[in-house]
Each structure stands twice: as structure tokens, then as C-alpha cells.
Amino acid sequence: MAEPILEVRGLVKHYPLTTGILFKKQVGAVKAVDGVDFHLDRGETLGIVGESGCGKSTVAKMLVNLERPTAGEIRYKGEDITRLSGRALKAVRRNIQMVFQDPYTSLNPRMTVGDIIGEAYEIHPEAAPKGDRRARVRELLDVVGLNPEYINRYPHQFSGGQRQRIGIARGLALRPEIIVADEPVSALDVSVQAQVINLMGRLQDEFDLSYLFIAHDLSIVRHISDRVGVMYLGRIVETGRDAEIYDHPTHPYTQALLSAVPVPDPEARERRERIILTGDVPSPTNIPSGCRFRTRCWKARERCALEVPALAVPAEFRYARGPAAHDSACHFAEEKRVVPPAEEGAGPVQGPSPGEGPFAEGEGPSAGGPGASEGEEPGTVGPRRRGAHREDGEGGADGG
Amino acid sequence: MLLEVRDLHVEFRTRDGVAKAVNGVSYGVDAGETLAVLGESGSGKSVTAQTIMGILDTPPGKVTGGQILFEGRDLLTLKEEERRKVRGAGMAMIFQDALSSLNPVLTVGDQLGEMFTVHRGMSRKDARAKAVELMDRVRIPGARERVRQYPHQFSGGMRQRIMIAMAIALEPRLVIADEPTTALDVTVQAQVMDLLAELRREYRMGLILITHDLGVVADVADRIAVMYAGRIVETAPVHDIYKAPAHPYTRGLLDSIPRLDQKGRQLYAIKGLPPSLTRIPPGCAFHPRCPMARDVCRTDVPPLYEVTDAPSERGSACHFWRECLHG
Ligand SMILES: Nc1ncnc2c1ncn2[C@@H]1O[C@H](COP(=O)(O)OP(=O)(O)OP(=O)(O)O)[C@@H](O)[C@H]1O
Ligand SMILES: Nc1ncnc2c1ncn2[C@@H]1O[C@H](COP(=O)(O)OP(=O)(O)OP(=O)(O)O)[C@@H](O)[C@H]1O
Ligand code: SF4
Ligand code: SF4
Ligand SMILES: [Mg+2]
Ligand SMILES: [Mg+2]
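One numbering rule holds for all chains: residues counted from 1, following each sequence as written. Here every chain gets a letter starting at A, and every ligand a number starting at 1, in the order they are written. Local features in a predicted model are, by the rule used here, given only for residues with pLDDT of at least 70; side-chain atom pairs are given and counted only at 80 or more, and totals for whole chains, interfaces and linings are based on all residues. To get the side-chain values, take all heavy atoms of the structure and skip hydrogens and water.

Looking at an unreviewed UniProt entry, chain B carries the name ABC transporter ATP-binding protein, with the source organism given as Streptomyces tagetis. UniProt positions are given in the numbering used here, feature names are shortened, and annotations may be inferred rather than shown by experiment. According to its UniProt record, chain B has this under Subcellular location (unreviewed entry): "Cell membrane". We quote the UniProt Sequence similarities (unreviewed entry) comment for chain B here in full: "Belongs to the ABC transporter superfamily."

Written out as C-alpha cells, the structure is:
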């Protein structure tokens with residue numbers, strides 16, 4: 001396989017905790033990110049999910065150089081950019097851009113939309129000659145589905161969804177290869193969310209972008225991602241292709257997280273098993289020894305307090321080629337399906353469903369593209385009962 | 001019916017003119033039943049709830065019409081004192097943001113206890129014991145010690161549970177929960193929703209759950225009322241609506257959400273934006289965004305038609321509900 005466009009190894013961000021006013025003394029650290037590894041391929045979307053405070057935004061900020069890592073490497077096309085400075089760093093930064101969560105506060109209210117999007121050209125004048133910049137901005141507005149005539153308007157004259165489009169246009173201004181999107185649709189209403197997500201999908205195909213897509217909404221992440229990483233307390237605890245994580249999770253935290261997501265299908269109420277976690281997430285200043293999930297894990301044993309589980313394919317799945325064979329940081333990894341497979345014909349069908357009357361056409365150009373229907377493992381077609389997928393789950397785990 | 005809202009109208013005077021936040025809302029909830037009120041931001045969900053609870057800001061808000069029948073009595077025509085008594089003992093509300101609705105300078109025990117000293121005339125000591133009991137009830141570990149702590153010393157999920165404890169303290173017959181879990185993580189959300197459902201069963205409370213999350217609705221509701229631009233556009237039992245919506249807006253919403261159990265590339269997106277409440281489109285308020293709109297939709301406001309083809313009691317405010325239901 002070709003070299004990944006981005007590779008992160010052992011990434012750490014600790015914020016010192018100090019006391020004293022005159023003489024600062026470090027008494028500890030907020031371990032916001034505590035050893036994160038992942039890679040991102042060209043044209044691919046890696047989704048990062050996890051609950052509030054697990055370190056998602058801190059990872060994003062380090063990737064775009066808004067925070068300096070305490071340790072670790074961020075390799076862009078093989079080169080560690082944490083060691084770069086000056087012109088070399090600036091050149092790399094052009095290629096990694098960020099889209100922020102909050103369309104209300106991330107845009108300067110006193111600047112026009114044209115100035116907000118064009119600002120990047122002030123910092124990187126080589127990206128567009130001065131005379132071309134207005135035209136470039138108009139083109140970008142058009143690309144994200146906004147009227148180019150709006151170039152002189154101010155952010156407050158736009159709705160939330162429109163502001164998020166402005167944020168995306170700003171992210172695209174320098175024609176980056178990678179977009180780090182931190183909760184780009186979390187603040188938006190459902191109907192508007194769909195517009196922005198479709199837009200991001202279309203832009204990815206059009207410009208061959210790689211996305212690091214951060215969100216706490218697991219349904220949206222599944223929708224948009226090729227691969228997914230699940231974070232807990234500063235680390236990735238499980239990672240794999242979307243169907244591996246959603247249909248064959250092996251880490252208890254992922255299983256609990258998935259089982260808690262409400263599914264918009266009342267028929268699924270009875271079919272679903274809920275894992276209700278007890279207790280709260282520990283403070284990142286005081287991370288439990290061994291496995292950091294053990295204080296909430298219903299499977300924890302003595303070994304979990306003593307040994308840190310590595311993020312690797314667990315031994316019991318290593319020789320089985322099934323979908324359970326993906327990286328999971330658990331000593332006692334077991335496959336457990338918690339999201340019941342979609343029932344055929346349950347509810348209004350979504351996605352490309354030709355001949356569905358007025359609801360067939362979505363917004364923007366056609367669907368498809370890479371990964372349109374992958375994730376369909378053999379044997380998930382047709383209505384099935386609880387017993388059926390139980391068996392299936394075990395089937396994937398044989399050899400263990 | 002425990003609570004029945006009939007043709008409620010609420011307006012706000014704003015600089016841009018009169019904002020019609022609620023334009024003829026009707027819904028009802030029975031004892032022991034959960035009604036989910038679903039709608040996008042600004043559709044009037046909270047204003048309706050505030051009007052029921054009697055906590056609407058007046059001015060700028062003004063109730064311009066309708067009835068709110070609680071156990072058969074119209075709260076809007078009762079004398080102020082009477083109304084306060086009915087509400088105080090009969091209904092309670094849970095807000096989205098627990099931190100800002102709890103008093104930061106009082107201990108949790110004092111705030112819970114106050115419910116009993118003020119409304120039940122209990123002694124401070126008895127009220128304190130009641131507070132501990134309630135905290136146990138909403139599963140806060142170490143209630144006896146933690147009753148002396150302040151709101152900021154609890155996690156978000158625990159604060160929300162304390163809000164729930166306050167709401168159920170006087171065993172109300174109706175609880176309105178306005179986005180009770182929107183600010184919480186999914187695992188915590190699951191804990192809180194679980195607790196609410198259990199309490200509702202135990203006390204046979206009527207529950208109005210306000211939310212914009214179609215997943216939460218599918219999980220807990222018996223009936224749904226979908227709001228758009230200050231009106232109920234569709235109401236139905238939860239199973240029916242997910243199977244076959246009878247209003248194009250509901251259908252659009254259902255089609256636009258990504259699913260946990262399926263991977264897809266293209267979502268259906270409702271075109272355009274919700275209207276400004278100072279300039280609600282004539283006819284059907286949804287017509288500028290509706291893929292099924294015809295001439296009549298631009299002129300005639302659709303009433304909440306009875307959906308007669310359905311086995312259960314359903315309503316849709318669409319001239320062409322039959323087409324939508326079977327299409
Ligand atoms: N500048 C800082 N100083 C000290 N601690 C910080 C700082 N920034 C973040 N943290 C802490 O680091 C942890 C991770 O924060 P981060 O914002 O990355 O979480 P997140 O996963 O993005 O959460 P959310 O879903 O709420 O956005 C949190 O405990 C946070 O309080
Ligand atoms: N105190 C107020 N003064 C003026 N306008 C108000 C006031 N309270 C609410 N409104 C307006 O009434 C409309 C309906 O608001 P409401 O809070 O009921 O919406 P909602 O459906 O609860 O939305 P959300 O999902 O964002 O909570 C909004 O357009 C809002 O701006
Ligand atoms: S290593 Fe132990 S505590 Fe950690 S997730 Fe696995 S079983 Fe649970
Ligand atoms: S009344 Fe007309 S515009 Fe309104 S929802 Fe029905 S078809 Fe659409
Ligand atoms: Mg964040
Ligand atoms: Mg509201």
C-alpha cells in the first residue's frame with residue numbers, strides 16, 4: 001500500500017497543573033492526549049469518536065499546529081512536521097486545514113465573508129496572485145453552494161448551516177490535501193446537517209481530500225468514514241474499518257458506546273441490548289493504572305490494573321481473518337454485536353433509492369464514490385432475529 | 001387526558017415585528033404516557049412548554065389564544081392563585097442545562113429539601129432526610145455524604161439526575177422534560193433516559209419529552225407530535241410514524257438522518273431553511289421547502305387532518321397526506 005499522507009505516532013499532550021503565584025510549581029498534568037497512533041490515507045476519511053473530554057479536539061489542534069505536542073510524531077508524507085519551523089512548516093501547514101465546530105464563534109463578526117475566506121491568501125500569498133483573489137473567493141463560495149454575490153456580507157447575515165459552509169470554504173481556500181474537521185455539524189439542525197455532510201462528501205470526491213472527521217455522533221461518523229478510531233481518556237482504544245467497529249466491536253468501551261446510541265427505529269427497542277455503564281469518566285489528571293477503562297469496565301480483572309493493553313489485533317483474533325481481527329486495546333477482547341442489523345424495509349429507506357418519488361433526489365450531485373456499499377459483510381441481507389446475529393458474531397470470532 | 005393543549009397561540013414583540021412563535025398548537029398526553037415533541041431549533045417547542053408551566057416571559061411574550069386543560073381545567077382562565085396551586089403540585093419541568101437551573105450557592109440538599117419545607121411544610125430535618133432519599137432514588141452514589149455538596153461538585157449527568165430528583169420530589173402527575181439529555185454524552189444520556197422511563201412507569205406520570213433527536217424519540221416515546229414553524233404538522237403513535245410518515249416534513253427529517261446500522265454516502269437533505277417567524281409563508285408554512293407542494297399549498301393553510309387510513313389515531317397538517325402516507 002502507498003505511504004499514508006498522514007501518520008501519527010505516540011502523540012502526547014500534557015497540560016501542566018501548577019500551584020503558587022510567584023514560584024510556579026508543577027503538581028501534576030492534565031493528560032489530554034496520552035499516546036495516540038493512527039494513519040490517514042489519501043482520499044480517505046478517518047472518523048474519531050469519543051465522549052466529551054477524551055482529547056479529540058486536542059489531537060485536531062496539534063495536527064494543525066494550534067498546539068505543540070508534548071511528545072510524539074506527526075508525519076506528513078513521511079516527514080515529521082513537529083520538528084519543522086519557519087518556511088518549511090508554513091509550506092506544510094498550507095496542506096492541512098481545519099474546519100471548526102461552532103459556526104457562530106469561529107468566524108470574525110467584523111469581517112466580510114470575502115475577507116474571511118481570502119484571509120488565508122494574506123498568510124500564504126504564493127497560493128493566489130493578488131489580482132485573482134476575489135475571483136478565487138467567489139469560486140469557493142460557489143463550490144460550497146453559496147451565492148457568490150454574498151461576498152460582501154457579514155457572518156450574522158447567514159444561518160448556521162450557511163456559516164458552516166463559509167468555514168468549509170475557508171478551509172478549502174489554500175487547496176489543502178487534508179481537512180481536519182472538528183465536530184463540523186454538531187451545532188446544526190438535522191435537516192441542515194444533511195446538507196453539510198453531503199457537501200463534504202462531494203468536495204472530497206472533487207478534490208481528492210483526506211478527512212480527519214471528529215464527532216461524538218456515532219451515526220454521522222459511520223456515515224462518512226472509511227475507518228474509525230474510538231478514543232477514551234486520551235487514547236485510541238479500538239480502530240478499524242467502519243463495519244469492523246460498528247458490526248464487530250471487540251473493546252468493551254466501544255460496545256457500551258454503540259449500545260447507548262439511540263436508533264431511529266422504534267422496532268429496534270426490543271431487539272437491542274443495552275450496556276449501561278456505571279460511574280463517571282475518571283479525571284485526565286489521574287488516569288487509572290493498567291487499562292484506563294477498567295474503572296467502568298464490567299469485565300475488568302486483576303490483570304487489567306497491572307498491564308496496559310496495547311492497541312493491536314488481540315491474540316485470539318490474530319489468525320482468524322474475520323472482521324473481528326482489528327486493533328483493540330483490551331486484554332479480554334471478545335466480539336459482541338450491539339447494533340442490530342438494519343431490517344429490510346424498516347422505516348423510510350434512505351440513501352440512493354431510485355424511484356422513490358420526490359424524495360429520491362438528494363442535494364448536490366450524484367451519490368456513489370468509494371465505499372458506497374462496502375461494509376456489507378456477507379450474510380447481513382434479509383431480516384434476522386436475535387439468535388441469528390448471535391451466531392454470526394461467534395462465527396467471526398472462531399479460532400479464538 | 002391528563003393534559004390537553006388546544007389551538008394555542010403565542011406571540012413575541014420583537015424589533016422586526018411580531019414573531020408568531022406558536023400558531024395553533026394542539027397536543028395531549030395521558031397519565032403514564034410519553035409524548036415526544038420533535039422539531040428543529042426555533043419551531044416553538046420550548047415556548048409551548050413554558051406556556052404550559054406558566055413561566056413564559058410576558059412581555060415580550062403574549063398568549064393570544066387557545067386553552068391548556070390540565071385534568072379538565074383550563075389553566076389560562078383560572079385565577080392566578082388557583083393556577084399556581086394546580087401547577088405547583090401537579091406539574092414539574094426539567095431543563096436542558098442543569099447547571100444554570102440549579103442554584104450555585106445552595107447545597108443540593110438544601111435545594112431538594114426546600115421543595116418539602118415550602119410545599120409540604122416539613123421540618124428542615126425531615127426535609128433533609130427526604131432529600132437523601134430522593135438522591136438515592138435517582139441513583140447518586142453516597143447520597144448521605146453528597147447531600148451537603150454544591151452543584152458544581154457533580155458531573156453533568158449527576159446534575160441532570162438532581163434536576164430529575166427535584167422534578168419528581170412532589171410526585172407530579174405531569175413532567176415536561178425540555179431536551180434533558182442534549183448536553184450529555186451518549187452513555188450518560190442512556191443512564192438518564194433509563195431513569196426517567198423507570199420513574200415515569202413507577203409514578204404513572206405523564207411525560208412530555210421535548211427533543212430534536214429522532215433516535216431518542218424512537219427509544220422512549222409512545223406518541224410523537226412534530227412541530228414546524230409554531231404548528232403541529234403531524235401527530236401519531238411512534239411505531240406508525242417511523243414506518244410511514246403522513247407529512248412531507250416528517251418524511252424529510254427521517255430520510256435526512258444517518259443511521260448507525262447502515263453506511264451510506266448521500267443523505268436526503270431538505271432544501272432551504274426554516275422560515276423566519278416574523279414572515280411565515282402563506283398557506284402551508286412548509287411549502288417553499290416541500291417537494292410535493294402545489295398551488296393550493298401556497299394559499300390554503302392545511303388544518304390538522306385526521307389520517308383516516310390509519311388504524312390508530314393520527315393527524316397530519318398536509319393537504320396531500322394520503323399521497324405522502326402511501327407514496
Ligand atoms: N489548555 C488546556 N489546559 C488544560 N487542560 C486542557 C486544555 N485544553 C483541554 N484541556 C483538557 O484536556 C482534555 C481533553 O480536551 P479536548 O477539548 O481535547 O476534549 P474533546 O474530546 O474535544 O471533548 P469535547 O467532545 O467536549 O469537545 C479535557 O479534560 C480538557 O479539560
Ligand atoms: N423571550 C423571547 N423573546 C423573543 N422571542 C422569543 C423569546 N423566547 C422565544 N422566542 C422566539 O420564539 C421562537 C420559538 O422558540 P422556542 O424556544 O420555543 O424554540 P424551540 O423549538 O424550543 O427551539 P430549540 O430547539 O432551539 O430549543 C424562536 O424563534 C424564538 O426566537
Ligand atoms: S483490558 Fe480489562 S478493563 Fe480494559 S477493557 Fe479489557 S477487560 Fe476491560
Ligand atoms: S400542504 Fe402542500 S406544501 Fe404543505 S406539506 Fe403538504 S404538500 Fe407540502
Ligand atoms: Mg472537542
Ligand atoms: Mg427549546
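Here the narrative resumes.
## Things to note about the site of ligand 3
If you check the shell around ligand 3, you find His251, Pro252, Cys291, Phe293, Arg294, Cys297, Lys299, Ala300, Cys304, Cys330, His331 and Phe332 of chain A and nothing else. In this classification, Asp, Glu, Lys and Arg are treated as charged, Ala, Val, Leu, Ile, Met, Phe, Trp, Tyr, Cys and Pro as nonpolar, and every other residue, Gly included, as polar. Considered class by class, the residues forming the shell around ligand 3 number eight nonpolar, two polar and two charged. By convention in this text, a residue qualifies as near a molecule or strand provided that one of its non-hydrogen atoms is within 4 Å of it.

## Some words on the interface of chain A and chain B
The partner chain B presents 53 residues to the 69 residues of chain A that form the contact. By convention, the term buried area covers the 1.4 Å-probe accessible surface removed from two parts as they join, with the contributions of both added. Summing the contributions of chain A and of chain B, the shared interface buries around 5,500 Å²; its carbon and sulfur component is 55%. A pair is scored as a salt bridge if a Lys or Arg side-chain nitrogen falls within 4 Å of a carboxyl oxygen belonging to Asp or Glu. Our count for the chain A to chain B interface comes out at two salt bridges. Put simply, DSSP H or I for four residues or longer makes a helix, DSSP E for two residues or longer makes a strand, and each gets a number counted from the N terminus. If you list the elements that add at least two residues to the side of chain A that touches chain B, you get α6 (190–207), α7 (218–224), α8 (242–247) and α9 (252–260) of chain A. Considering each element in turn, the side of chain A that touches chain B owes the most residues, 10 residues, to α6 of chain A. Residues belonging to the side of chain A that touches chain B are distributed by class as follows: 32 nonpolar, 21 polar and 16 charged. Contacts are residue-level and defined by heavy atoms, with any inter-residue pair within 4.5 Å sufficient.

## Some thoughts on the packing of aromatic side chains
Centres within 6.5 Å are what make two rings of Phe, Tyr or Trp a pair, Trp counting through its six-membered ring; a difference in plane orientation under 30 degrees is then read as stacked, over 60 as edge-to-face, and the rest as tilted. By the definition in use, this model includes seven aromatic pairs over all chains. Here tyrosine 232 of chain A and phenylalanine 293 of chain A contribute two aromatic rings whose centre-to-centre distance is 5.1 Å and whose plane-to-plane angle is 85 degrees, an arrangement assigned as edge-to-face. A residue pair is termed long-range when its members are at least 10 positions apart, and tyrosine 232 of chain A in strand β9 (residues 227–232) and phenylalanine 293 of chain A in the loop between α10 (268–271) and α11 (302–306) qualify at 61 residues. Phenylalanine 293 of chain A shares its class with tyrosine 232 of chain A; the two are buried. Considering the side-chain rings of tyrosine 228 of chain B and phenylalanine 286 of chain B, the 5.2 Å spacing of their centres and the 80 degrees angle between planes classify their relative orientation as edge-to-face. Here phenylalanine 286 of chain B lies in the loop between α11 (248–256) and α12 (295–299) and tyrosine 228 of chain B lies in strand β9 (residues 223–228), a separation of 58 residues in the sequence. With respect to burial, tyrosine 228 of chain B and phenylalanine 286 of chain B carry one shared label: buried. Categorising residues by exposure relies on relative accessible area from a 1.4 Å probe, with only protein chains included: less than 20% of the type maximum marks a residue as buried, more than 50% marks it as exposed, and the intermediate range marks it as partly exposed.

## So, the pattern of salt bridges
Residues and elements named next belong to chain A. Applying the stated rule across the entire model yields 36 salt bridges over all chains. Ionic pairing is found between arginine 9 and glutamate 73, a salt bridge with its closest N-O pair at 3.7 Å. With a gap of 64 residues between them, arginine 9 in strand β1 (residues 6–19) and glutamate 73 in strand β4 (residues 71–76) connect regions that are remote in the sequence. Three or more residues are tied together by salt bridges with common partners; here these are Glu7, Arg9, Glu73 and Arg75.

## Focus: the site of ligand 1
Residue and element names in this part refer to chain A. The full set close to ligand 1 counts 13 residues, and Ser52, Gly53, Lys56, Ser57 and Thr58 are the nearest of them. Protein contacts shield 64% of the accessible area of ligand 1, which totals 640 Å² for the unbound molecule. Taken together, the elements giving at least two residues each to the shell around ligand 1 come down to β2 (25–40) and α1 (56–63). Broken down by element, the residue count for the shell around ligand 1 peaks at three residues, all from α1. The class makeup of the residues in the shell around ligand 1 is five nonpolar, five polar and three charged. Here the Shrake-Rupley method, with its probe set to 1.4 Å, supplies the accessible areas, and only the displayed protein chains count as covering residues.

## Here's the deal with the sheet that holds strand β12 (residues 315–316) of chain B
The strands making up a sheet are joined through hydrogen bonds of the backbone, oriented either antiparallel or parallel. Residue and element names in this part refer to chain B. Each pair of strands is called paired provided DSSP finds at least two bridges between the two strands. Read across the sheet, eight strands follow the order β6-β7-β8-β3-β9-β10-β12-β11 without closing on themselves; strand pairing throughout is mixed. At either end of the open sheet lies a strand with only one pairing partner, and these are β6 (91–94) and β11 (305–306). Looking at chain direction, β6 and strand β7 (residues 174–178) are connected through four bridges and run parallel. What sits directly across from alanine 92, in β7, is valine 175. The sheet contacts of helix α1 (residues 45–53) involve β3 (34–38), β6, β7, β8 (206–211) and β9, and relative to β6 the element is tilted by about 145 degrees. The strands touched by α11 are β3, β9 and β10 (231–237); relative to β9, the strand with the most contacts, the crossing angle is about 100 degrees. For helices, the axis comes from a line fit to the C-alpha atoms of the stretch in contact; other axes are also lines fit to C-alpha atoms, and the angle between any two N-to-C directions lies between 0 and 180 degrees.

## Description of α1 of chain B
All names here are of chain B. Counted residue by residue, α1 has seven buried out of nine residues, so it is predominantly covered. Those residues of α1 that sit buried are Lys45, Val47, Thr48, Ala49, Thr51, Ile52 and Met53. Two residues or fewer past α1, glycine 54 is found with a positive phi of approximately 75 degrees.

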